[in-house]
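Chain by chain, the residues:
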Amino acid sequence: MQVVQFDSGPRLRIFRDSAIVAHRNLLTILRVPTLLVTATIQPLMFVFLFAYIFGGSLGGSQYREFLLAGIFTQTVAFNAAFTTVGLASDLQKGIIDRMRTLPMSRLAVLMGRTLSDLVVNVLSLAVMVGCGYVVGWRINGGIADAVLAFGVILLFAFAMSWVGALTGLMSPNVEVAQSAGLIWLFPLSFISSAFIPGQTLPGPLRTIAEWNPITAVAGAGRKLFENDAPPTFAHATGWAADHCVEYAIACSLLILALAVPLALLQYRKVASH
């Protein structure tokens, strides 16, 4: 009797090559400590800035509980800049050209970059959770809900890394990449319910905030952590607010469905020059 074996070699090579690229990127972060400082100190600054400078006038300790899920979401979105700048730097230094000459999948190059930045996001979240407990934030829900909340946030982080990859591959140099990633992220993060109730925004901005993926991810975190808003805050209504967990997951999957093939297409273009 002959046993039929399926060739899983190409798939295994993609995983292996992705792991190698991810390891290389993590070593780069360790050798350039300023990158690690950015990933850890910046979230701490945001937590203390919003918790104590704005928190006193927005609800005190209850606002700090409301705030943390928004800070988590904003930070992992901003961390997409690591992917943007990292790929732009590799392009500018010719590292992408060298990788193209190796017998490895083009998916592995981008997957390795996004996976290494996912590790950075896990570290950032760990730092912010510790800082959150210092300022009075607590996980009031169950362990399973908390794990799901962090899973939703990290899925969004992974999706944003692919957007960062596409931005980095489209940037002509590192300088452009550094600013290109923030031009749209700043308004996207602040026209949301990450820090304030979106119902306080004027008409069109309120609609944008209601359907903003950052609002959905932050709302999902608050719902699963059971972090209530201060009593003075307007209660979020509408389908997106009522189904924030499902909507947050759907947004991340949609971003991945669009960004992954576009990033691979752009990689093929820049690697063929």
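Predicted, not measured: the structure shown is a model, and the values here were computed from it.

This part is about the overall build of the protein chain. What the protein chain contains, in helices and strands, is 13 helices and 0 strands. The order of α-helices and β-strands along the protein chain, N terminus first, is α-α-α-α-α-α-α-α-α-α-α-α-α. For 273 residues, the compact-globule estimate of 2.2 N^0.38 gives 19 Å, and the protein chain sits close to it at 20 Å. Along the three orthogonal principal directions, the C-alpha set of the protein chain runs to about 65 × 55 × 35 Å. Relative to its full complement of 273 residues, the protein chain shows a buried share of 47%.

Attention now goes to the layout of surface pockets. Roughly 630 Å³ of volume is contained in the largest pocket. Taken together, 28 residues make up the lining of the largest pocket; nearest its centre are G219, R222, H235, A236 and A241. Here the element with the most residues in the lining of the largest pocket is helix α11 (residues 213-225); it accounts for 5 residues. Its residues placed into classes, the lining of the largest pocket shows 13 nonpolar, 8 polar and 7 charged.

Going through the model one piece at a time under the given rule, you end up with 2 salt bridges. Among the salt bridges present, the one from R24 reaches D90, with a minimum N-O distance of 3.0 Å. Linking R24 in helix α1 (residues 9-31) with D90 in helix α4 (residues 80-93), this pair joins segments that are 66 residues apart in sequence. Measuring nitrogen to oxygen at the nearest pair gives 3.3 Å for the salt bridge that ties D90 to R113. With D90 in helix α4 and R113 in helix α6 (residues 106-135), the pair connects residues that are 23 residues apart, well separated along the chain. A residue is classified by how much of its surface remains accessible, and D90, at 7% relative accessible area, is buried. Taken together, the shared-partner salt bridges in this structure form one network comprising R24, D90 and R113.

A few words on the packing of helix α3 (residues 61-78) against α6. Two elements in contact, α3 and α6, have axes separated by 10 Å at closest approach and are oriented at 165°. Regarding the angle of α3 to α6, the classification is roughly antiparallel. The handedness of the crossing between α3 and α6 is right-handed. Contacts from R64, L68, I71, F72, T75 and V76 of α3 reach α6 at N121, S124, L125, M128, V129, G132 and V135. Taken together, the residues that form the contact of α3 with α6 break down as 8 nonpolar, 4 polar and 1 charged.

All right, on to the confidence of the model for the protein chain then. For any part of a model where pLDDT is low, the fine detail of the predicted coordinates should not be relied upon. For the protein chain, the mean per-residue pLDDT works out to 85, and 92% of the residues sit at or above 70. Mean pLDDT per element in the protein chain: helix α5 (residues 95-100) is the minimum at 74, and α11 is the maximum at 96.

Rules behind the numbers
Residues numbered from 1 in each chain as written. Predicted model: local features only at pLDDT ≥ 70, side-chain atom pairs only at ≥ 80, totals over all residues. Heavy atoms only, no water. Helix = DSSP H or I, 4+ residues; strand = E, 2+ residues; numbered from the N terminus. Rg over C-alpha atoms; globule rule 2.2 N^0.38 Å. Buried < 20%, exposed > 50% of the residue type's maximum accessible area, 1.4 Å probe, protein only. 1 Å grid on protein atoms, 1.4 Å probe; cavity = no way out; pocket = protein on both sides within 12 Å on 5 of 7 lines; lining within 4 Å. Points joined across faces, edges and corners; volume = space filled by probe spheres on them. Nonpolar A, V, L, I, M, F, W, Y, C, P; charged D, E, K, R; others polar. Salt bridge = Lys/Arg side-chain N within 4 Å of Asp/Glu carboxyl O. Axes fitted to C-alpha atoms, helices over the stretch in contact; angles between N-to-C directions. Parallel < 35°, antiparallel > 145°, perpendicular 65-115°, else oblique. Left-handed = near helix turned anticlockwise from the far one by under 90°. Contact = heavy atoms within 4.5 Å. pLDDT = per-residue confidence, 0-100.

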